[in-house]
Amino acid sequence: MSTATIRAMARAEIALALDWAAAEGWNPGLHDAACFHAADPGGFLVAEVAGEPVGCVSAVRYPDGFGFLGFYIVRPGFRGQGHGMALWRAAMARLAPGTVGLDGVVAQQANYARSGFVLAHRNIRYGAAAPRPPVVSAGPEPRPAADLPFDEIAAFDRRFFPAPREAFLRGWLAAPGHVARVAAGAAGIEGLGVLRPCREGSKIGPLFATTPDAARAIFAALLAAAPRGPVFLDLPEPNRDAIAMAEAAGMAPAFETARMYAGTPPGIPRDHVYGITSFELG
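The present account deals with the structure reproduced in this document. None of these values were measured; they are calculated from a predicted model.

1. Remarks on the packing of aromatic side chains
The geometry of two aromatic rings is summed up by the distance between their centres and the angle between their planes.
Okay, so step 1: One pass over the full model with this rule turns up 16 aromatic pairs.
Okay, so step 2: When the centroid spacing of 5.4 Å and the interplanar angle of 50 degrees are considered together, the rings of Phe44 and Phe71 count as tilted. On the criterion of sequence distance, the pair formed by Phe44 in strand β2 (residues 44–49) and Phe71 in strand β4 (residues 66–74) is long-range, its members being 27 residues apart.
Okay, so step 3: Since its relative accessible area comes to 1%, Phe44 is described here as buried.
Okay, so step 4: The class of Phe71 is buried, set by a relative accessible area of 2%.
Okay, so step 5: Judged by centre distance (6.5 Å) and plane angle (65 degrees), the ring pair of Tyr112 and Phe117 falls under edge-to-face. Each of the two residues, Tyr112 as well as Phe117, counts as buried.
Okay, so step 6: Ring pairing ties together the aromatic residues Phe36, Phe44, Phe71, Phe168 and Trp172, which thus form one cluster.
Okay, so step 7: The lysine or arginine in question, Arg170, covers the ring of Phe150, its NZ or CZ lying 3.9 Å from the ring centre.

2. Quick look at the packing of helix α2 (residues 32–39) against helix α6 (residues 166–174)
Okay, so step 1: Across the interface, α2 lies against α6 with an axial gap of 7 Å and an inter-helix angle of 165 degrees. The pairing of α2 with α6 is recorded here as roughly antiparallel in orientation. Classified by chirality, the crossing of α6 by α2 is right-handed. For the pair α2 and α6, the contacting residues are Asp32, Cys35, Phe36, Ala38 and Ala39 in the first and Ala167, Phe168, Gly171 and Trp172 in the second.
Okay, so step 2: Of the residues assigned to the contact of α2 with α6, the class counts are seven nonpolar, one polar and one charged.

3. A few points about the pairing of strand β9 (residues 188–197)
Okay, so step 1: Buried residues dominate β9, accounting for eight of its 10 residues.
Okay, so step 2: Note that strand β8 (residues 179–185) and β9 share seven bridges and pair antiparallel. The residue of β9 that forms the bridge with Val182 is Leu192.
Okay, so step 3: Once β8 ends, the chain turns through two residues before running back antiparallel as β9.
Okay, so step 4: With six bridges connecting them, β9 and strand β10 (residues 202–209) associate as antiparallel partners. Bridge pairing in β10 places Arg196 opposite Lys203.
Okay, so step 5: The loop that links β9 with its antiparallel partner β10 comprises four residues; one of these, Gly201, has a positive phi angle of about 65 degrees.

4. Considerations on the pairing of strand β5 (residues 99–105)
Okay, so step 1: Counting buried positions along β5 yields six of seven residues, so the element is predominantly enclosed.
Okay, so step 2: Relative to β5, β4 runs parallel, the two being bridged by four bridges. Each bridged residue has a counterpart across the sheet, and for Gly67 the counterpart in β5 is Val100.
Okay, so step 3: Note: β5 against strand β12 (residues 252–262), six bridges, orientation antiparallel. Looking at the pairing, Gly101 lines up with Tyr261 of β12.

Cut-offs applied
Residues numbered from 1 in each chain as written. Predicted model: local features only at pLDDT ≥ 70, side-chain atom pairs only at ≥ 80, totals over all residues. Heavy atoms only, no water. Phe/Tyr/Trp six-rings, centres within 6.5 Å; stacked < 30°, edge-to-face > 60°. Helix = DSSP H or I, 4+ residues; strand = E, 2+ residues; numbered from the N terminus. Buried < 20%, exposed > 50% of the residue type's maximum accessible area, 1.4 Å probe, protein only. Lys NZ or Arg CZ within 6 Å of the ring centre and 35° of its normal. Axes fitted to C-alpha atoms, helices over the stretch in contact; angles between N-to-C directions. Parallel < 35°, antiparallel > 145°, perpendicular 65-115°, else oblique. Left-handed = near helix turned anticlockwise from the far one by under 90°. Contact = heavy atoms within 4.5 Å. Nonpolar A, V, L, I, M, F, W, Y, C, P; charged D, E, K, R; others polar. Pairing = 2+ DSSP bridges.

And the structure:
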């Protein structure tokens, strides 16, 4: 039985969760804390024993009855004492009722299934020390996201994410070191992508596009803007074109998670999702 007290983290404390995630090898972004806090200021929970933080979980609530669970960590030395279950119950209670998503490590799929989560697909992290930009033969030239009205970008993002997330998206597009590119043609936006600096190298996500050409154009633009170091792309396995794009760039699988949902799975057009935003937020 856990003796931990569970409470919401303040914004400054989210850095602690990011440090623990880095220690687990999750490679968070350098400016994730502010963006994650903007998504849901009360969405990060910490478990404390005698005032000492021993574990954390994110339980981010979005509108439209959707929530996402991530950053589920108990510190070594405090595991096996019920603190993880206490955090889990607090997170699920915070997200009830509605649909809850998570990206779980493969070894924990059976445990999540016992809690009512159903596998939707695998997410695979591809990476390379120096990816080769794809050859782009057609489509509009990507330009900075700041050149377009934010409302148009938010409406496009909403097509590929289960709920509105304007507060998060504003920070994600403009955080220091983030590179956001949009491909827009006569019919409107065709693609959106963001590259962000991480503890190791950079990650691309999200990468949403209505056509393979738009996806490749944005992918190429983000790779051209990436600083020296490895680049990673987390993509949904059902999108075979995304896999082909990553492999053509010389990227190889490095890690995978199981995207699972409890409740009604959202109707996301996965063939237009070339990169998810993050394992912690969906």
